[in-house]
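Understanding the architecture of this molecule
Read off the chains here:
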Amino acid sequence: MSCNRHKIHFLRELIPSFECEPGCHDCCGPVTTSAEEMARLPRKTQAEQDAALERLDCVHLGPNGCTVYAERPMICRLFGTTPRLACPRGRGPDQPIDPAAEQLIHTYIASTRQVLV
């Protein structure tokens, strides 16, 4: 496991999970993610990427929501777990993310080359 893969696994474990409202995709849109996380996602054509960007949607958003939910990037996992990225529908985990863990994640995101999803 590469150093970044190990970091991603560790940081993902720090993010509390919760159930999104079925069918909701209010937090979905174009986001940036590390090249390492992007490599875990299915490749999309340039036409698919352009169409999603024109709609201001994520290219992995399907008719029933996120098509890569289990592998979604850390930034997507953070939505709803912190007041900085609050769920517009008021959903979230029983306990929000620990501020120190959130800072570690933001530090990692800032230190990696980001690509548009």
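Reading the values: rules and limits
- Residues numbered from 1 in each chain as written.
- Predicted model: local features only at pLDDT ≥ 70, side-chain atom pairs only at ≥ 80, totals over all residues.
- Heavy atoms only, no water.
- Helix = DSSP H or I, 4+ residues; strand = E, 2+ residues; numbered from the N terminus.
- Rg over C-alpha atoms; globule rule 2.2 N^0.38 Å.
- Buried < 20%, exposed > 50% of the residue type's maximum accessible area, 1.4 Å probe, protein only.
- Contact = heavy atoms within 4.5 Å.
- Areas by Shrake-Rupley, 256 points an atom, 1.4 Å probe, with all protein chains shown as cover.
- Lys, Arg positive; Asp, Glu negative; His and termini not counted.
- Charge placed at Lys NZ, Arg CZ, Asp CG, Glu CD.
- Salt bridge = Lys/Arg side-chain N within 4 Å of Asp/Glu carboxyl O.
- Expected span 1.5 Å × (residues − 1).
- Arc of directions from axis to C-beta.
- Core = buried A, V, L, I, M, F, W, Y, C linked by side-chain atoms within 4.5 Å.

- The name given to the protein in an unreviewed UniProt entry is YkgJ family cysteine cluster protein, and the organism recorded there is Pseudomonas maumuensis.

1. Digging into the overall build of the protein
- Counting secondary structure elements, the protein contains five helices and four strands.
- Moving toward the C terminus, one meets the helices and strands of the protein in the order α-β-α-α-β-β-α-α-β.
- Radius of gyration (C-alpha) of the protein: 14 Å, near the 13 Å computed for a compact globule of 117 residues.
- The principal-axis extents of the C-alpha atoms in the protein amount to approximately 40 × 35 × 20 Å.
- Across the 117 residues in the protein, those meeting the buried criterion constitute 36%.
- When contacts within the protein are restricted to residue pairs at least 6 apart in sequence, long-range pairs at least 24 apart make up 77% of them.
- Of the roughly 7400 Å² of accessible surface on the protein, a fraction of 54% belongs to carbon and sulfur atoms.
- The distance from the centre of the 13 positive side-chain charges to the centre of the 14 negative ones in the protein is 5 Å.

2. A short note on the pattern of salt bridges
- All chains considered together, the criterion is met by eight salt bridges.
- Across the pair Glu 71 and Arg 12 runs a salt bridge whose closest N-O atoms are separated by 3.3 Å. Of this pair, Glu 71 sits in the loop between strand S3 (65–66) and helix H4 (74–78) while Arg 12 sits in helix H1 (residues 3–14); the two residues are 59 residues apart in sequence, bridging distant segments of the chain.
- Since its relative accessible area comes to 27%, Glu 71 is described here as partly exposed.

3. Quick notes on H1
- When the terminal C-alpha atoms of H1 are compared, their 17 Å separation across 12 residues agrees well with the 16 Å that a helix rising 1.5 Å per residue should span.
- Listed in full, the buried residues belonging to H1 are Ile 8, Leu 11 and Arg 12. The buried residues of H1 all sit within an arc of 105 degrees when viewed along its axis, so they share a single face. Exposed residues pointing more than 90 degrees away from the buried face of H1 are listed as Cys 3 and Glu 13.
- Looking at the buried positions of H1, the neighbouring elements they touch are strand S1 (32–34), helix H2 (35–38), H4 and helix H5 (99–111).

4. A word on the environment of Ile 105
- Tracing the chain through its elements places Ile 105 in helix H5.
- The spatial distance from the C-alpha of Ile 105 to the C-alpha of Met 74 is 7.8 Å, given a sequence separation of 31 residues.
- For Ile 105, the contacting residues outside a window of four places in its chain are Leu 11, Ile 15, Met 74, Leu 78 and Ile 97.

5. Let's talk about the nonpolar core
- Core analysis: the largest hydrophobic core is formed by 20 residues, its most contacted members being Ile 15, Met 74, Ile 75, Leu 78, Ile 97, Ile 105 and Val 117.
- At the level of secondary structure, the elements contributing two or more residues to this core comprise H1, H4 and H5.
- Looking at which element gives the most residues to this core, the answer is H5, with four residues.
- Sequence-distant contacts of Ile 97, that is, excluding residues within four places in its chain, are made with Leu 14, Ile 15, Pro 16, Leu 78, Thr 81, Thr 82, Glu 102 and Ile 105.

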